[in-house]
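Each chain, letter by letter, is given below.
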Amino acid sequence: MVEFIDPFRGVIPERKMTFRELTRAVRQSLAAELEATHLYEAIADATDNALVKKVMQDVADEERVHAGEFQRLLSLLLSDEDALMKKGADEVDEMAESGGPVESDSSADVKTVGNLKM
Ligand SMILES: [Fe+2]
């Protein structure tokens, strides 16, 4: 599980956040959406119950939308955010173009809690 230091733990804010604190809070919110996505997808993958699987994947997809909102917010707030994100994407593109392994999903072979069900 992702764990960031809670900037408000034990502290009742008596002032508005600084800009730096604000961008850190948005980034922490982004991480929370990604963590929620991971949890809901794991539950969807671990059950044979069709309704639960469908709802969990639907909610996971909604969390991905929320993650996109927070990422976009960071892009608008931080002048270097897009450049740094692009740098990372370019590095991966370079590795992919140089023949790096690009494997397809083999999750059917992965044992999950659902596999333990008799
Ligand atoms: Fe969300």
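See above for the structure.
Residues numbered from 1 in each chain as written. Predicted model: local features only at pLDDT ≥ 70, side-chain atom pairs only at ≥ 80, totals over all residues. Heavy atoms only, no water.

A cluster of like negative charges, contributed by Glu91, Asp93, Glu94 and Glu97, occupies part of the molecular surface. The topology assignment puts aspartate 93 in helix H3 (residues 81–97). For aspartate 93, a relative accessible area of 42% gives the class partly exposed. (Patch = residues over 30% accessible without salt bridge, like charges linked within 9 Å, V, L, I, M, F, W, Y side chains within 5 Å. Areas by Shrake-Rupley, 256 points an atom, 1.4 Å probe, with all protein chains shown as cover. Salt bridge = Lys/Arg side-chain N within 4 Å of Asp/Glu carboxyl O. Lys, Arg positive; Asp, Glu negative; His and termini not counted. Charge placed at Lys NZ, Arg CZ, Asp CG, Glu CD. Helix = DSSP H or I, 4+ residues; strand = E, 2+ residues; numbered from the N terminus. Buried < 20%, exposed > 50% of the residue type's maximum accessible area, 1.4 Å probe, protein only.)

A few words on the environment of serine 75. Along the chain, serine 75 turns up in helix H2 (residues 50–77). Assessed through its relative accessible area of 15%, serine 75 is described here as buried. Sequence spacing of serine 75 and methionine 85 is ten residues, and the spatial spacing of their C-alpha atoms is 9.3 Å. Contact partners of serine 75, with chain neighbours within four places excluded, come to Glu81 and Asp82. (Contact = heavy atoms within 4.5 Å.)

Attention now moves to the pattern of salt bridges. A full pass over the atoms with the stated rule returns four salt bridges. Note that glutamate 21 and arginine 15 form a salt bridge whose closest N and O atoms lie 2.8 Å from each other. Residues aspartate 90 and lysine 86 are paired through a salt bridge, measuring 2.8 Å at the closest nitrogen-oxygen approach. A residue pair is termed a helical-turn pair when its members lie 3 or 4 positions apart in one helix, as aspartate 90 and lysine 86 do in helix H3 at four residues. The class for aspartate 90 is partly exposed, based on a relative accessible area of 31%.

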